[in-house]
Amino acid sequence: MTFLQKILTDRPQNGCPSAYKNYDELLVAATDRAVESLANQSKSQRVEDWAWKRFNSLDMFHPLGHEGLLKRFLQHHR
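Rules used throughout
- Residues numbered from 1 in each chain as written.
- Predicted model: local features only at pLDDT ≥ 70, side-chain atom pairs only at ≥ 80, totals over all residues.
- Heavy atoms only, no water.
- Helix = DSSP H or I, 4+ residues; strand = E, 2+ residues; numbered from the N terminus.
- Buried < 20%, exposed > 50% of the residue type's maximum accessible area, 1.4 Å probe, protein only.
- Contact = heavy atoms within 4.5 Å.
- pLDDT = per-residue confidence, 0-100.
- Patch = residues over 30% accessible without salt bridge, like charges linked within 9 Å, V, L, I, M, F, W, Y side chains within 5 Å.
- Areas by Shrake-Rupley, 256 points an atom, 1.4 Å probe, with all protein chains shown as cover.
- Salt bridge = Lys/Arg side-chain N within 4 Å of Asp/Glu carboxyl O.

1. As for the environment of Leu-27
Relative to the helices and strands, Leu-27 resides in helix H2 (residues 23–42). Residue classification places Leu-27 among the partly exposed positions, given a relative accessible area of 33%. As for Leu-27 and Leu-8, which are separated by 19 residues in sequence, their C-alpha atoms are 9.4 Å apart. In contact with Leu-27, other than residues within four places in its own chain, are Leu-8 and Arg-11.

If you want it as structure tokens, here you go:
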């Protein structure tokens, strides 16, 4: 079990920051901050504009597609 799963499942008394009354209040505040951050990063309040690929993407290329004839067929086009 991961650390975060354990904290959220067990909800130990000393695990919740003193600024929050309980874990529910902490989770609501964290969610509010996440939404605010996504809105700021995307410069949009629309959830539809918050595609994960805009914030964290990875382009992978097939080793055979770097050079030669296969490059044209194996290259990712945007």
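Still to come is the rest of the account.
2. Some details on the confidence of the model for the protein
Looking at the protein as a whole, its pLDDT mean stands at 81, while 74% of the residues score no less than 70. When the elements of the protein are averaged for pLDDT, helix H4 (residues 71–74) gives the smallest value, 68, and H2 the largest, 92.

3. What about a nonpolar patch on the surface?
A surface patch of nonpolar side chains, amounting to about 400 Å² of accessible area, comprises Phe-3, Leu-4, Leu-8 and Leu-27. When residues in the nonpolar patch are grouped by element, the largest group, 3 residues, is from helix H1 (residues 3–10).

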